[in-house]
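Analysis of the macromolecular model
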Amino acid sequence: MNIIKWATGLAFMLLMPMAQAADEQQAEFANKIEKIDFVAMSGGRIAIQVQTTSPLANPPAGFTLNNPSRIALDFPAVGNGLGKNSVQASQGVLKGVHLAQARDRTRMVLNLGKMVAYNTTTQGRETTIILQANEAGTANTNVVSRFAEAKAGEKFHTLNNIDFMRGKNGEGRIVVDLSDASAGIDIRQQGKTVVVDFHNTELPQNLQRRLNVINFNTPVLYVDAIKQGNNSRLIIEPKGLWEQSAYQADKRFIIDIRPVVEDPNKLVQGSKPGYAGEKLSLNFQNIDVRSVLQVIADFTGLNIVTSDTVTGNLTLRLKDVPWDQALDIIMSSKGLTQRKTGNVIWVAPSDEVAAKEKLLLEASQQIEELEPMRTEVFTLRYQKAENFKNIISDSKQKILSKRGSAVVDARTNTVFVQDTPKHLEEIQTIINKIDIPVKQVMIESRLVIADEKFGRSLGARFGVQKQQASGDTRYGSSGTLGNTITQRTVDPTTGVITETIANRVGSSTLATTSIPGTVGVGVSADGAQDLNVNLPVANAFGNFAFSLFRLPAGFLLNLELSALETDQRGKIVSSPRVTTANQQKAIIEQGTQIPFQQATSSGATAVQFKNASLSLEVTPQITPDDKIIMDLEVKKDKVGTVFNNVPSIDTQRVQTQVLVSNGETAVLGGIYEQTERNDVDKVPFFGDLPFIGNVFKRRVKQSDKTELLIFITPKVMDESLSLR
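- The name given to the protein chain in an unreviewed UniProt entry is Type IV pilus biogenesis and competence protein PilQ, and the organism recorded there is Methylobacillus methanolivorans.
- Entered under Sequence similarities (unreviewed entry) in the UniProt record, the comment concerning the protein chain runs "Belongs to the bacterial secretin family. PilQ subfamily."
- The Function (unreviewed entry) comment attached to the protein chain in UniProt states, word for word, "Required for type IV pilus biogenesis and competence. Could function as a pore for exit of the pilus but also as a channel for entry of heme and antimicrobial agents and uptake of transforming DNA."

So this is what it looks like as structure tokens:
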């Protein structure tokens, strides 16, 4: 019979993932580990003396692993000069030392029989690692894992931020942002808490607080950050079964607290699948099964109770196999099964265990059917009693027993439940989970409509007239010259008619011409002159007009130029906001109802209404990490064109589902509309003539830009209904 505790190759590779290709040349170091000695000290302590070629600047940084028990120390810029990778020790809890050289360091792994505390010192070329002698049963209590060694005389560091988040597998993740990556860090389990110390590290006042992370549904309840002299400390309080791991990436230090689901059929509890026990080797020839079980009990320190019906012998040869896998192999080969309670394992044939469990279940069912019932009164604070009754009395998943019943008193919001004590305890547990205040969310949305409009128009009106002795001959017959005044006077002595034509812009006279003769000029009844080209600018803010008369030829020329340029910029902001409970729909609306008449089937008319309103409809859902999922519909309607006495509605609307962090603003959508127009109205042929053709044209240039943006900002309110 040979029992060997194996923890060299595979465990070493798990601790040090620095594998390289077999043919890759290792880096050459000027400083190397030349010698390793072991010294037994008083009180069961062990000193490991490591001699290097040159003195180390700082003690080596290290970390520990509890299962299996290992201490790993990193020697930066130091090579392995021993000529071998392992040194056997056999000194107390120290089994041996293993070395692995990488490109930039050498890692030393101490294989231990049980976890003990340690400390390291450096003096000249010699580095001393002292393993403390912990009392039996307290070896794993308050063991400090030096994640990063504090350097002597180093500067102060700072914790920039402490954050908490839920991992994808339900673990609680504490993320610490450091000012630099060289801070000294110690981790230890103290009672039911995890304590992390940051040496020579400043903790800002705003970070000295407690993080209540119960609602994240992870094993972590609270994270306390406090100041301890020159150090900063994190105290992590988990619940239930859990395991922790830590790692550092540059300036970020991360601690994971993973939940462990207790499996009564699993000998070594842990979150990782497969076998996790310490490895052993077994070599037996025709040995009694009870003796093998006794060997495993001695190896693990567990209590194994074997049924009287367990008999027989077996031949077994196992090398470097986890002990829980070895026990499973023995169980399977002999048709046995095991049940674990605490540190006691009961081993019996499978049929015997199944029969006993069946009897226990039948007895439990009979007890439940015959057990006396009692009545319990549950007064609810936040949950409606009727809703709670529906939960526990649901026919598809009834929580009450077959004989149980529930009655509601709506006036006092109380539920009277009659059932067995076991079911009443379960109901109390459910009430503790669901009878809690519902979080409130305030949702604020903003609709921003920005428009920019630019327009430019240029037009002309033009007319020509010719005067003859026998009468008035006109060329052109459309339009009027705006603001034109014609005045005629007759000289009573000579009989000469004098006509004054005045073109005015505002009250200014631009031209006045005196026409002698005895004939009229064909003035219309309203005093307006006829024109050939009539292409003015509507509502123009600028005009330039004149009349020109040439006496020998008898021509009268009327010309008016008009121009208009507009530049408009505007912004409309609508900001509806509403507060609602978690997972409850809320609607807020403001606007008008537009009436119109519509014919009915009887031939009469009835008044119908159309809504033109600004509205926000939202259903929020708060996630465990304080983010908010929202089903949203935001609308902004206004009255449009009326068709057949029925108004149309111009709609701007977005409907979506978004995930937003608490207090952050998200852009739901945007609509950008741009209109570019260049319109030309002209007289055929004449409008195409160079230069002079501009008198026969009207140009209109238009550039309109409109942009709609919709923003949403959710904020979770605390129990005092204030924003946080």
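Further notes follow.
A short note on the overall build of the protein chain
- When you go through the protein chain residue by residue, the secondary structure sums to six helices and 46 strands.
- In the protein chain, which comprises 724 residues, the proportion classed as buried is 37%.
- Sequence separation of at least 24 residues holds for 63% of the intrachain contacts in the protein chain that already meet a minimum separation of 6.
- Of the roughly 40300 Å² that the protein chain leaves accessible, carbon and sulfur atoms contribute 50%.

Considering the sheet that holds strand β30 (residues 414-419)
- Within the open sheet, the three strands sit side by side as β28-β30-β29. Their pairing is antiparallel. Since the sheet does not close on itself, it has two edges, and those belong to β28 (374-379) and β29 (405-409), each with one partner. Neighbour-to-neighbour, the strand axes of the sheet open up by a mean angle of 20°, direction not taken into account.
- Taken together, the six bridges between β28 and β30 define a ladder with antiparallel strand orientation. If you follow Phe-378 over to β30, its bridge partner there is Val-415.
- The sheet contacts of helix α5 (residues 385-392) involve β29 and β30, and relative to β29 the element is tilted by about 170°.
- The strands touched by helix α6 (residues 421-434) are β28 and β30; relative to β28, the strand with the most contacts, the crossing angle is about 5°.

Concerning the pairing of strand β10 (residues 118-123)
- Strand direction decides the pairing type here: β10 and strand β11 (residues 126-131), joined by six bridges, are antiparallel. Opposite Thr-121, over in β11, you have Thr-128 as the bridge partner.

Observations regarding the side chain of Ser-457
- Within the fold, Ser-457 resides in strand β31 (residues 440-468).
- Among residues more than four places away in sequence, those in contact with Ser-457 are Val-537, Ser-562, Ala-563, Leu-564, Arg-699 and Val-700.

Section: the confidence of the model for the protein chain
- Of all residues in the protein chain, 80% have pLDDT values of 70 or greater, and the mean over the chain is 77.
- Per-element confidence in the protein chain is highest for β30, whose mean pLDDT is 92, and lowest for strand β35 (residues 508-509), whose mean pLDDT is 32.
- Counted against residues more than four places away or in other chains, residues 1-26, with its pLDDT under 50, gives 47 contacts.

Focus: empty space enclosed by the protein
- What the rule picks out here adds up to one cavity of 30 Å³ or more.
- Its boundaries defined by the atoms lining it, the largest cavity holds a volume of some 40 Å³.
- Lining the largest cavity are Ile-162, Leu-207, Arg-209, Leu-211, Val-223, Asp-224, Ala-225 and Leu-234.
- With three residues, strand β19 (residues 220-228) is the largest single contributor of residues to the lining of the largest cavity.
- Its residues assigned to classes, the lining of the largest cavity shows six nonpolar, no polar and two charged.

Digging into the side chain of Ser-445
- Here Ser-445 shows up in strand β31.
- Overall, the relative accessible area of 0% leaves Ser-445 in the buried class.
- Excluding residues that lie within four positions of it along the chain, Ser-445 makes contacts with Ser-574, Ser-575, Pro-576, Leu-616, Phe-711 and Ile-712.

Details of the packing of helix α2 (residues 289-300) against helix α3 (residues 323-333)
- For the pair α2 and α3, interaxial distance at closest approach is 11 Å and the crossing angle is 165°. Viewed along their axes, α2 and α3 adopt a mutual orientation that is roughly antiparallel. Here α2 runs over α3; the crossing is left-handed. Of the residues in α3, those in contact with Val-289, Val-292, Leu-293, Ile-296, Phe-299 and Thr-300 of α2 are Trp-323, Leu-327, Ile-330 and Met-331.
- When the residues that make up the contact of α2 with α3 are grouped by side-chain class, the tally is nine nonpolar, one polar and no charged.

Concerning the packing of aromatic side chains
- The full count for this structure, using the stated rule, is four aromatic pairs.
- With centroids separated by 5.8 Å and ring planes inclined at 90°, the aromatic side chains of Phe-198 and Phe-253 adopt a geometry described as edge-to-face. With Phe-198 in strand β16 (residues 193-198) and Phe-253 in strand β22 (residues 252-259), this residue pair connects regions lying 55 residues apart in the sequence. With respect to burial, Phe-198 and Phe-253 carry one shared label: buried.
- Over the aromatic face of Tyr-222 sits the side chain of Arg-210, whose NZ or CZ is 4.2 Å from the ring centroid.

Points about the pattern of salt bridges
- Under the definition given, this model contains 27 salt bridges.
- Glu-633 is the salt-bridge partner of Arg-653, the closest N and O atoms lying 2.7 Å from each other. In this pair, Arg-653 is assigned in strand β44 (residues 646-661) and Glu-633 in strand β43 (residues 627-643), connecting sequence segments 20 residues apart.
- The partly exposed category is assigned to Arg-653, whose relative accessible area is 46%.
- Taken together, the shared-partner salt bridges in this structure form one network comprising Asp-74, Arg-105 and Arg-107.

Side note on the sheet that holds strand β6 (residues 78-80)
- The five strands are arranged β6-β2-β3-β11-β10 in an open sheet whose pairing can be described as mixed. Bordering the open sheet on either side are β6 and β10, each of which pairs with just one other strand. On average, adjacent strands in this sheet sit at an angle of 30° to one another, irrespective of strand direction.
- As defined by bridge partners, strand β2 (residues 31-40) adjoins β6 across three bridges and the pair is classed as parallel. Residue pairing for β6: Lys-32 is matched across the bridge by Gly-79.

Examining α3
- Among all positions in α3, only Trp-323, Asp-324, Ala-326, Leu-327, Ile-330 and Met-331 are buried. Projection of α3 onto a plane perpendicular to its axis shows the buried side chains occupying an angular sector of 160°, all on one side.
- Looking at the buried positions of α3, the neighbouring elements they touch are β23 (279-288), α2, β25 (313-322), β26 (336-341) and β27 (344-349).
- Looking one or two residues past α3, Gly-335 carries a phi angle of roughly 70°, positive in sign.

What counts as what
- Residues numbered from 1 in each chain as written.
- Predicted model: local features only at pLDDT ≥ 70, side-chain atom pairs only at ≥ 80, totals over all residues.
- Heavy atoms only, no water.
- UniProt positions renumbered as here; feature names shortened; annotations may be inferred.
- Helix = DSSP H or I, 4+ residues; strand = E, 2+ residues; numbered from the N terminus.
- Buried < 20%, exposed > 50% of the residue type's maximum accessible area, 1.4 Å probe, protein only.
- Contact = heavy atoms within 4.5 Å.
- Areas by Shrake-Rupley, 256 points an atom, 1.4 Å probe, with all protein chains shown as cover.
- Pairing = 2+ DSSP bridges.
- Axes fitted to C-alpha atoms, helices over the stretch in contact; angles between N-to-C directions.
- pLDDT = per-residue confidence, 0-100.
- 1 Å grid on protein atoms, 1.4 Å probe; cavity = no way out; pocket = protein on both sides within 12 Å on 5 of 7 lines; lining within 4 Å.
- Points joined across faces, edges and corners; volume = space filled by probe spheres on them.
- Nonpolar A, V, L, I, M, F, W, Y, C, P; charged D, E, K, R; others polar.
- Parallel < 35°, antiparallel > 145°, perpendicular 65-115°, else oblique.
- Left-handed = near helix turned anticlockwise from the far one by under 90°.
- Phe/Tyr/Trp six-rings, centres within 6.5 Å; stacked < 30°, edge-to-face > 60°.
- Lys NZ or Arg CZ within 6 Å of the ring centre and 35° of its normal.
- Salt bridge = Lys/Arg side-chain N within 4 Å of Asp/Glu carboxyl O.
- Arc of directions from axis to C-beta.

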